[in-house]
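# Structure at a glance
What follows is the residue order along each chain.
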Amino acid sequence: MRTFNIVTTAGPLAQQLQKKIDGKTKPLGALGQLEALAQQIALIQQTESPKLSAPQMLVFAGDHGAAKAGVSAYPQDVTWQMVENFLAGGAAINVFTRTHGLPLAVVDCGVAHDFGERAGLINCKLGAGTESYIEAPAMTAERCAQAFENAVALVTRYAESGCNVIGLGEMGIGNTASASLITHCLTDHPLEVCVGRGTGLDDAGLNRKQQLLAQALGRTGKMRDPAKVLQEFGGFEIATMVGVILAAAERRIVVLIDGFVVGAAALVACTLYPAARDYCVYCHRSAEAGHRVQLAAMQAQPLLDLGLRLGEGTGVALAWPLVKAAVAFLNDMASFASAGVSEKA
Ligand SMILES: Cc1cc2ncn([C@H]3O[C@H](COP(=O)(O)O)[C@@H](O)[C@H]3O)c2cc1C
Ligand SMILES: O=C(O)c1cccnc1
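Residues numbered from 1 in each chain as written. Chains lettered and ligands numbered in written order. Predicted model: local features only at pLDDT ≥ 70, side-chain atom pairs only at ≥ 80, totals over all residues.

Under an unreviewed UniProt entry, the protein chain has the name Nicotinate-nucleotide--dimethylbenzimidazole phosphoribosyltransferase and belongs to Fluviibacter phosphoraccumulans. Recorded in UniProt for the protein chain, the comment headed Pathway (unreviewed entry) runs: "Nucleoside biosynthesis; alpha-ribazole biosynthesis; alpha-ribazole from 5,6-dimethylbenzimidazole: step 1/2." UniProt's Sequence similarities (unreviewed entry) comment on the protein chain is quoted here verbatim: "Belongs to the CobT family." (UniProt positions renumbered as here; feature names shortened; annotations may be inferred.)

Printed below as a string of C-alpha cells:
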C-alpha cells in the first residue's frame, strides 16, 4: 500500500495566530469555536492570512454486499437511485450546496449499476459493490490499494486546479453498518454502542443488525490494524475517502468531515497517520449512535449539532458558511490598535 508524507501543523505559528486573534476587537475568546477553526485553517496553510480557494464538495458512492443480509431499512437499489437523484440535482446535498454556492461532484467508487459517462459523475469504480463481510473480507488488499491510488489522482486533479478545501459526503445503503464495525475495531468500544439505526431501523431491525455485525466479528476475530479493518469491513466509498483524506493532508488541503460514515473514514485515516487529524474539520455531530464514540476518539468538537442523520455531506454543506466566516474574521476584522478601541482594563 502507498505511503503518505503527512506532517503535523503544530508549531510556533500557533502563538502568533493566537496573538492576532486576541488582538481583534472582541473580548478574549469571545468567538469561541470559530477561533479554534480559524487557527486550524491558518496552521494548515502555514500563514496568518489563510484563503479558501476553489472549494469542492465530493459525494462518494458505493454498494455494500452486506446490504442484502438486511443491515439497512432500505434496499440496495436506493444507492444508484440516489446517485441519479444527485445527478438530477434533487437531493438534500444538492439543495444545501446550491444554497451556499459549493460545487458538487459525485464519485462512483463501486455502485452496482452502470451509469455510463455522465456530467458530474467521476468514475472511480472498484467493482459492483463489496463482498458481504459476514462471509468474507469486503475487499481484497489490491482493491483497497487501488482505492488509495484513485484518491490520489482525484485530489491531485483538484489541487492542480487551485482547490485547497474539500468536503466529503457519501451514499451507500448499508454503510452505517460498515462504519460501526470500523468504529468498534479502532476505538475498542463495545459493538452495541457503535451500532445505530442508520436510515431508521426499528428495534427488531437494530437487533438483527447487531447480530449480523457480531457474526462478522466472529469470522475475523479481534482486529486493530486500520488497513486490515478497512479491507475486511470497509466499503469502496469508505476506502476511497480514507485515501482522499490522506492525499489531501499530504497537500495541506483542508478536509471537511461529515457525519458517522465519513467519520469512520477519518478514523481509519487518522489511525494510520495521526498527523492527518490536524487537517480534518468535524462539521457536525450526527444523531447516529456511535458518532459520539468517534468524536471522542478524535478529540473533536464538531461545529454543528442539529440532530442530522442523513449523510451525503449535508453536515459539511451546512457548516460551510461557518468555515468561511472563521477565515473572514481572521483576515478582515479590525484589531484594537487599528480601530482605536481600548483594551481590557
Ligand atoms: C432515500 C435515502 C437517501 C439517503 N441519503 C443518504 N442516505 C444515507 O443512508 C445510508 C446509510 O444508512 P444505512 O446504513 O441504514 O443504509 C447511506 O447511503 C447514507 O448516506 C440515504 C438513505 C436513504 C434511504
Ligand atoms: O451520520 C451519518 O453519516 C449517517 C447517518 C445515518 C445514515 N447515513 C449516514
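What follows concerns the pairing of strand β2 (residues 104–110). Among the 7 residues that make up β2, 6 are buried, leaving the element largely enclosed by the rest of the structure. In this sheet, β2 lies alongside strand β1 (residues 56–62) in parallel orientation, the contact comprising 6 bridges. Among the inter-strand pairings, Phe60 is bridged to a residue of β2, identified as Val107. Where β2 meets strand β3 (residues 121–123), 3 bridges bridge the pair, whose relative direction is parallel. Bridge assignment links Val106 to a residue of β3, and that residue is Leu121. (Buried ≥ 20, exposed ≤ 12 C-beta atoms within 10 Å, placed from the backbone. Helix = DSSP H or I, 4+ residues; strand = E, 2+ residues; numbered from the N terminus. Pairing = 2+ DSSP bridges.)

Where burial is concerned, the two faces of strand β5 (residues 254–257) agree: the one with Val254 and Leu256 and the one with Val255 and Ile257 are both buried. In the sheet, strand β4 (residues 165–171) pairs with β5 via 3 bridges, with the strands oriented parallel. Looking across to β5, one finds that Val165 is bridged to Val254. Two elements, β5 and strand β6 (residues 280–282), share 3 bridges in a ladder whose sense is parallel. In the strand pairing of β6, Ile257 is matched with Tyr282. Note on the crossover from β5 through helix α11 (residues 260–272) to β6: the handedness is right-handed. (Right-handed = clockwise from strand over helix to strand, strands pointing away.)

Take the sheet that holds β6 next. A sheet is described by the order of its strands in space; here 6 strands give the open sequence β3-β2-β1-β4-β5-β6, paired in parallel fashion. If you trace the sheet from one side to the other, it starts and ends with β3 and β6, each paired once. On average, each strand axis in the sheet is inclined to that of its neighbour by 30°, with strand direction left out of account. (Axes fitted to C-alpha atoms, helices over the stretch in contact; angles between N-to-C directions.)

This part is about the site of ligand 1. Among the 18 residues in the neighbourhood of ligand 1, the closest are listed as Ser72, Thr176, Gly198, Thr199 and Gly311. For the shell around ligand 1, the secondary structure elements donating two or more residues are α3 (78–88), β4 and α6 (175–187). The dominant element in the shell around ligand 1, judged by the number of residues it contributes, is α6, at 3 residues. The residue inventory of the shell around ligand 1, partitioned by class, reads 8 nonpolar, 8 polar and 2 charged. (Near = placed C-beta within 6 Å. Nonpolar A, V, L, I, M, F, W, Y, C, P; charged D, E, K, R; others polar.)

Looking at where Thr130 falls in the secondary structure, it is placed in the loop between β3 and α5 (141–160). Remark: the alpha-carbon pair of Thr130 and Thr99, spanning 31 residues in sequence, is separated by 34 Å. If we skip the residues at most four places from it in the chain, Thr130 touches His64, Gly65, Gly110, Ala138, Met139, Gly235 and Phe236. (Contact = placed C-beta atoms within 7 Å.)

So, on to the nonpolar core. Core analysis: the biggest nonpolar cluster contains 107 residues, and Ile166, Leu168, Ile245, Val255 and Leu256 have the highest contact counts within it. Sorting elements by how many residues they give to this core places helix α10 (residues 236–250) first, with 11 residues. Setting aside chain neighbours within four positions, we find Leu168 in contact with Leu58, Phe60, Met241, Val244, Val255, Leu256, Ile257, Asp258, Val262, Gly313 and Val316. (Core = buried A, V, L, I, M, F, W, Y, C linked by C-beta atoms within 7 Å.)

The N-to-C vectors of helix α2 (residues 32–45) and helix α13 (residues 314–332) enclose an angle of 80°; their axes lie 9 Å apart at closest approach. In terms of orientation, α2 and α13 fall into the roughly perpendicular class. Of α13, the residues touching α2 (which contributes Leu34, Leu37, Ala38, Ile41 and Ala42) are Leu322, Val323, Ala325, Ala326, Val327, Phe329 and Leu330. Counted by class, the contact of α2 with α13 contains 12 nonpolar, no polar and no charged residues. (Parallel < 35°, antiparallel > 145°, perpendicular 65-115°, else oblique.)

Annotation from UniProt places "active site" (unreviewed entry) at Glu312. Its place among the elements puts Glu312 in the loop between α12 (291–297) and α13. Look at Glu312 and you get buried, because 29 C-beta atoms sit within 10 Å. Setting aside its immediate chain neighbours within four residues, Glu312 contacts Val59, Ala91, Ala92, Ile93, Gly169 and Met171.

What follows deals with the packing of α10 against α11. Close contact between α10 and α11 brings their axes to 8 Å; oriented N to C, the two are set at 55°. For the element pair α10 / α11, the angle class is oblique. Between α10 and α11 the crossing geometry is right-handed. Contacts from Ile238, Met241, Val242, Ile245 and Leu246 in α10 reach Val261, Val262, Ala264, Ala265, Ala266, Val268 and Ala269 in α11. (Left-handed = near helix turned anticlockwise from the far one by under 90°.)

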